[in-house]
Amino acid sequence: MQPSRDIARLIDIMAALRDPQTGCAWDVRQTFETIAPYTLEEAHEVADAIARGDREDLRDELGDLLLQVVFHAQMAEEEGLFDFGGVVEAITTKLIRRHPHVFGALENRDPEAIKRLWDEIKSADREARAPRAARRR
């Protein structure tokens, strides 16, 4: 098996690690709940690499954090919830919606106005999600 720069290869590797018949027993046993602490740990390690100014370590830590996203997406796909493509679609939709000054007709590029607009859009997003969160309880 060879390393790759292709995200599809990483997704395939995670699927192989999670395969109940031929995968890694530790990876197969993991759940969203058991992996969550590792996700937080990797995010902290990214922040630490930034704070130390270690850009080479930052690259490696970002890879570890990306692995966590792929791991969660793989488990979600196994449960029929969503896949990695759905994660990418959700974030690209959000970025386009929250940047109308780049992807829409809005032309105001003042950083303070952009921040206010971002906060307004994010607040509206949160309100729209509130009924969904209430249903989960």
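Residues numbered from 1 in each chain as written. Predicted model: local features only at pLDDT ≥ 70, side-chain atom pairs only at ≥ 80, totals over all residues. Heavy atoms only, no water.

A. Seen up close, the nonpolar core. Among the nonpolar cores identified, the biggest contains seven residues, and these are Met14, Ile35, Val70, Phe71, Ala73, Met75 and Phe84. A per-element tally of this core places helix H4 (residues 55-78) first, with four residues. Apart from residues lying up to four places away in sequence, Met75 is in contact with Arg18, Gln30, Thr31, Phe32 and Ile35. (Core = buried A, V, L, I, M, F, W, Y, C linked by side-chain atoms within 4.5 Å. Buried < 20%, exposed > 50% of the residue type's maximum accessible area, 1.4 Å probe, protein only. Helix = DSSP H or I, 4+ residues; strand = E, 2+ residues; numbered from the N terminus. Contact = heavy atoms within 4.5 Å.)

B. Molecular detail of the pattern of salt bridges. Following the criterion strictly, the structure yields eight salt bridges and no others. Among the ionic pairs, Asp54 bridges to Arg52, the shortest N-O distance being 3.4 Å. With relative accessibility at 28%, the residue Asp54 sits in the partly exposed group. With a shortest N-O distance of 3.2 Å, Asp60 and Arg59 are connected by a salt bridge. A relative accessible area of 38% places Asp60 in the partly exposed class. Judged by relative accessible area, which is 52%, Arg59 ranks as exposed. When salt bridges with common partners are traced through the structure, they connect Asp48, Arg52, Asp54 and Asp57 into a single cluster. (Salt bridge = Lys/Arg side-chain N within 4 Å of Asp/Glu carboxyl O.)

C. Local environment of the packing of aromatic side chains. Inspection of every chain in the model, using the stated rule, returns one aromatic pair. Centre to centre, the rings of Trp26 and Tyr38 are 5.7 Å apart; their planes meet at 80°, and the pair counts as edge-to-face. In this pair, Trp26 is assigned in helix H2 (residues 25-29) and Tyr38 in helix H3 (residues 32-52), connecting sequence segments twelve residues apart. Its end group placed over the ring of Trp118, Arg98 keeps NZ or CZ at 5.1 Å from the ring centre. (Phe/Tyr/Trp six-rings, centres within 6.5 Å; stacked < 30°, edge-to-face > 60°. Lys NZ or Arg CZ within 6 Å of the ring centre and 35° of its normal.)

D. Spotlight on the packing of H3 against H4. Axis separation between H3 and H4 bottoms out at 8 Å; the angle between their running directions is 160°. By the angle between their axes, H3 is roughly antiparallel relative to H4. Taken as a pair, H3 and H4 cross one another with a handedness that is left-handed. Counting all contacts with H3, which are made through Phe32, Ile35, Ala36, Tyr38, Thr39, Glu42, Ala43, Glu45, Val46, Ala49, Ile50 and Arg52, the residues of H4 involved are Arg55, Asp57, Leu58, Glu61, Leu62, Asp64, Leu65, Gln68, Phe71, His72, Met75 and Ala76. Of the residues that constitute the contact of H3 with H4, the class distribution is 14 nonpolar, three polar and seven charged. (Axes fitted to C-alpha atoms, helices over the stretch in contact; angles between N-to-C directions. Parallel < 35°, antiparallel > 145°, perpendicular 65-115°, else oblique. Left-handed = near helix turned anticlockwise from the far one by under 90°. Nonpolar A, V, L, I, M, F, W, Y, C, P; charged D, E, K, R; others polar.)

E. How the structure looks around the side chain of Gln74. Counting through the fold element by element, Gln74 comes out in helix H4. Among the residues examined, Gln74 registers a relative accessible area of 11% and is labelled buried. Those residues in contact with Gln74, other than ones at most four positions away along the chain, are Ile11, Met14, Ala15 and Arg18.

That's the geometry; what it means functionally is another story.
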